[in-house]
Amino acid sequence: MTETTLKVSGMTCNHCVQAVEGALTELTGVERALVDLKANNVVVQYDESAVNVAQMTEAIEDQGYDVEA
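None of the values given here were measured: they were computed from a predicted structure.

**Quick notes on helix H2 (residues 53–62)**
Okay, step 1: Of the residues making up H2, those classed as buried are Met56, Thr57, Ala59 and Ile60. End-on view of H2: buried residues confined to an arc of 160°, all on one side of the axis. More than 90 degrees from the buried face of H2, the exposed residues found are Ala54 and Asp62.
Okay, step 2: Taken together, the buried residues of H2 touch strand S1 (2–9), helix H1 (14–25), strand S2 (30–36), strand S3 (41–46) and strand S4 (66–68).
Okay, step 3: Gly64 occupies a position one or two residues after H2 and carries a positive phi of about 100°.

So this is what it looks like as C-alpha cells:
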C-alpha cells in the first residue's frame, strides 16, 4: 500500500470534502482518502499496481477542483 498527499484547491466546505473523497474511493485500488479542508489537501492510501496519481488527479478534477503539482 502506498500513501501520497495531493494538494487540492477550490475546496471550501463539507460537500467539497465528500465530493473529493467519494471520487477517489470509487477508483479501483484506492483504499482510503482523507481530506484536510484547512490544509487544502487529501491523503490517499492506494495500491499502486491498480491506480496511479494521474488517475486520482483526473477524478478530483472531474469534480471541479484543481490538483496542484
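**Overview of the side chain of Thr2**
Okay, step 1: Of note, Thr2 is situated in strand S1.
Okay, step 2: In terms of polar contacts, Thr2 uses its side chain to reach the side chain of Glu48, at 3.3 Å.
Okay, step 3: Setting aside its immediate chain neighbours within four residues, Thr2 contacts Val44, Gln45, Tyr46 and Glu48.

**Concerning a negative patch on the surface**
Okay, step 1: On the surface, Glu58, Glu61, Asp62, Asp66 and Glu68 cluster together to form a negatively charged patch.
Okay, step 2: Counting only elements with at least two residues in the negative patch, the list comes to H2 and S4.
Okay, step 3: At three residues, the largest contribution of residues to the negative patch is made by H2.
Okay, step 4: Summarising the element assignment, Glu68 is placed in strand S4.
Okay, step 5: Of the residues examined, Glu68 reaches a relative accessible area of 40% and is grouped as partly exposed.

Definitions and cut-offs
Residues numbered from 1 in each chain as written. Predicted model: local features only at pLDDT ≥ 70, side-chain atom pairs only at ≥ 80, totals over all residues. Heavy atoms only, no water. Buried < 20%, exposed > 50% of the residue type's maximum accessible area, 1.4 Å probe, protein only. Helix = DSSP H or I, 4+ residues; strand = E, 2+ residues; numbered from the N terminus. Arc of directions from axis to C-beta. Contact = heavy atoms within 4.5 Å. Polar contact = N/O pair within 3.5 Å; in protein donor to acceptor, adjacent residues only side chain to side chain. Patch = residues over 30% accessible without salt bridge, like charges linked within 9 Å, V, L, I, M, F, W, Y side chains within 5 Å. Areas by Shrake-Rupley, 256 points an atom, 1.4 Å probe, with all protein chains shown as cover. Salt bridge = Lys/Arg side-chain N within 4 Å of Asp/Glu carboxyl O. Lys, Arg positive; Asp, Glu negative; His and termini not counted. Charge placed at Lys NZ, Arg CZ, Asp CG, Glu CD.

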